[in-house]
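Spelled out from the first residue to the last, the chains are:
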Amino acid sequence: MLYKTALLGAVAFGVSISATGQTTGADETKLDAIIVNGSRLDQTLTEVGSSVSVITREDLDQLGVDFALDAVATAPGVTINQNGAFGGNASVRIRGASTDQTLVLIDGIPVNDPTGTGGGYNFAHLDTDNIDRIEVLKGPQSTLWGSDAIGGVISITTKRPAERLSGTLFGEYGSFNTLRGGAAISNANEIGDFRLAATGLSTDGISKADEANGNTEDDGYESQTIAAKGGLNLPANMRLETSLLWSDAESEYDSYASGAQGSVADGDEVNNSETLSGNISLKIPLLDDRLENLVQIGYADIERENVSDGVQSYFTEGDRVLYRYQGTLAINDSNTLAFGAEREETSANEQDSSIDSLFALYEFKPVEDLTLTGGLRVDDHETFGTETTGRVAAAWTATEQVSFKASWAQGFKAPSIFQSTYICTFCGLTEPNANLEPETSEAFDIGVQWQSSDQRLILGATAFDQETENLIDFSYTAGYDNIALVDSQGIELTGAYTITDWLGVAASYTFIDAEDGDGNELTRLPENTGNVSVSVDPDGPFSGAVLVQYNSEEANTDGSELDSWTRVDLTGSYDLNETVELYGRIENLLDEEYQQILGYGTPGLSGSVGIRLRY
């Protein structure tokens, strides 16, 4: 509660003192302008040696999606699974790594659930309205971000204040009696800046258990989100910043049913979830702005409960507190050094753990078109000891038309609090597994990109290979134990063509071959996925897009196989004037019947219309 109060107070203070990759274009200057925050060196897309997809605010507007989950699903190499639309538990996997091995950052702060079995993040409730951009960093990122980043990182940056007093108001209505709306206000001047926003969604939903199996009871969903961000410009170019994101959601879901498909059928179950994340940071430039110092405190909190037939059946709460210092020294035009220290304290259901970290990253540019990056990190976990991870990467713009990227990295993930404290009493055990060890990974990728001389056509290919050892899974002999190994390799292909100044097409394809140590394919992981999008933006008030998504067959946990599916979505907007916009979206245009998880249904043909006001 102390940290909640401090964060809320800091945001209020920031407001009061203020006085009021996934890129589809082929323009190289655009890539040079996009800074990848997840690199920790403020590198541009042309300087980052590892594989990164960037989903910008422009991309989010074009997609027209309500939830970040649906936007992330368009990134090459990313697989999503959700047990029912509108609030169903949602997982994200990067290149075959489990969802618990994906670290999620919001404004640089880890928000993975410390109370979860494996410590993963549930994407079910994250609304897109307050998001400025999403970065998907693929492969182990533990040298940059520590434990949990063993498979990749999804870094989410919330919207910054506008440069003048401005605001937005929007409302929309759609299928399943879905209502969504929100408002925001922001301002900035020489003293500081602020932004405040609120968003809400309510829907009757559909049955979580597939209606095709005779489940007719709709499962509703409600959520509210409040976002705030502010900053104060201090003397000597120092800056104090704070941000906060709060969410409260209620999701109805269905019950366990033996013999039903996926063991799920209509039932009276409700999940309530409340999350809070935020940070306070102070930026101090020294040595004529050559040394940037960042001092930051971050906090993330979650409370979850399940209610069955009106009676609480489950409750859990936990939080993460992060203390961070990072210094970034521009030695000269060719050499940059970043270094720092972190301490993270995690608690879940009155159990605690902590980890202390030191890291250093070095960027060397021997010539203008070549960027070499290396790094080391030492993490000292209070229970599982010390782990050292390293990474090297290179990005080379060989010609104006051809560029290459390559990276090698190690990753590690400490066991979650639940895994390290769980006692399997029905297995006859009386204590947790004292021999549990961290998961580790090693991976490399190499990519090439080509663009035509007129910059209208851009093609890219990336090959990757990752091996993860000591995977933690349930065992009847130890509770949780290091019993699994996963080897995954594959290729990602991307392409974009600007047909005219107002018409463009983009496509991506991913092949993943992932097996465990016994040669069995991983469950809930399609071997082939792809997207094709066509965007239309002629002179005038209208713009629109078509998105086609393909997901091949995938194995179920019971040994059966889910069918492949193809889904088509349409979006469009029309500006009545400079301040009023009408927009709409048609989802699953061809009314495809498909499942992401066995037994759980997905919406058929549906849509929404809305209006947005800006001033």
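For the structure itself, look to the data block above.
Here's a quick rundown of the structure. (Residues numbered from 1 in each chain as written. Predicted model: local features only at pLDDT ≥ 70, side-chain atom pairs only at ≥ 80, totals over all residues. Heavy atoms only, no water.)

## Considering the packing of aromatic side chains
Both the distance between ring centres and the angle between the ring planes are used here to describe each pair of aromatic rings. Per the counting criterion, the structure on display carries 14 aromatic pairs. Between Phe67 and Tyr221 the ring centres are 6.2 Å apart and the planes differ by 65°, which places this aromatic pair in the edge-to-face class. Of the two residues, Phe67 sits in the loop between helix 3 (57-63) and helix 4 (68-72) while Tyr221 sits in strand 13 (residues 221-233), which places them 154 residues apart along the sequence. Comparing Phe67 with Tyr221 shows no difference in burial state: the two are buried. When the centroid spacing of 5.8 Å and the interplanar angle of 25° are considered together, the rings of Trp396 and Phe404 count as stacked. Joined through ring pairs, the aromatic side chains of Phe418, Tyr422, Phe426, Phe474, Tyr476 and Tyr480 make up one cluster. The lysine or arginine in question, Arg40, covers the ring of Trp145, its NZ or CZ lying 4.2 Å from the ring centre. The ring of Phe170 has Arg612 lying over it, and the distance from NZ or CZ to the ring centre is 5.5 Å. (Phe/Tyr/Trp six-rings, centres within 6.5 Å; stacked < 30°, edge-to-face > 60°. Helix = DSSP H or I, 4+ residues; strand = E, 2+ residues; numbered from the N terminus. Buried < 20%, exposed > 50% of the residue type's maximum accessible area, 1.4 Å probe, protein only. Lys NZ or Arg CZ within 6 Å of the ring centre and 35° of its normal.)

## Structural notes on the pattern of salt bridges
Evaluated as defined, the whole model comprises 31 salt bridges. Among the ionic pairs, Arg180 bridges to Asp66, the shortest N-O distance being 3.2 Å. Of this pair, Arg180 sits in strand 11 (residues 178-188) while Asp66 sits in the loop between helix 3 and helix 4; the two residues are 114 residues apart in sequence, bridging distant segments of the chain. On the basis of relative accessibility, which here comes to 18%, the residue Asp66 falls in the buried class. Salt bridges sharing common partners tie together Arg40, Arg324, Glu342, Arg377 and Asp379. (Salt bridge = Lys/Arg side-chain N within 4 Å of Asp/Glu carboxyl O.)

## Considering the side chain of Asp113
The topology assignment puts Asp113 in the loop between strand 7 (109-110) and strand 8 (131-138). Other than its neighbours up to four places away in sequence, Asp113 contacts Gly119, Gly120, Ile302 and Arg304. (Contact = heavy atoms within 4.5 Å.)

## Focus: the environment of Ala257
Here Ala257 shows up in the loop between strand 14 (239-256) and strand 15 (264-286). C-alpha of Ala257 to C-alpha of Gly267: the two residues are 10 residues apart in sequence and 9.0 Å apart in space. Aside from chain neighbours lying at most four places away, what touches Ala257 is Ser263, Val264 and Ala265.

## A word on the state of the cysteines
A full pass over the atoms with the stated rule returns 1 disulfide. A sulfur-sulfur distance of 1.9 Å marks the disulfide that ties Cys424 to Cys427. Every disulfide takes its handedness from the sign of the S-S torsion; for Cys424 and Cys427 that torsion is 55°, giving right-handed. Look at Cys424 and you get buried, because its relative accessible area is 0%. (Disulfide = S-S within 2.5 Å.)

## Regarding the environment of Ser39
Residue position: Ser39 is located in the loop between strand 1 (35-36) and strand 2 (43-44). Between the alpha carbons of Ser39 and Arg614 there is a distance of 33 Å; along the sequence they are 575 residues apart. Not counting residues within four places of it along the chain, the set of residues in contact with Ser39 comprises Val48, Leu137, Leu144 and Leu361. A polar atom in the side chain of Ser39 sits 2.8 Å from the backbone oxygen of Val36. (Polar contact = N/O pair within 3.5 Å; in protein donor to acceptor, adjacent residues only side chain to side chain.)

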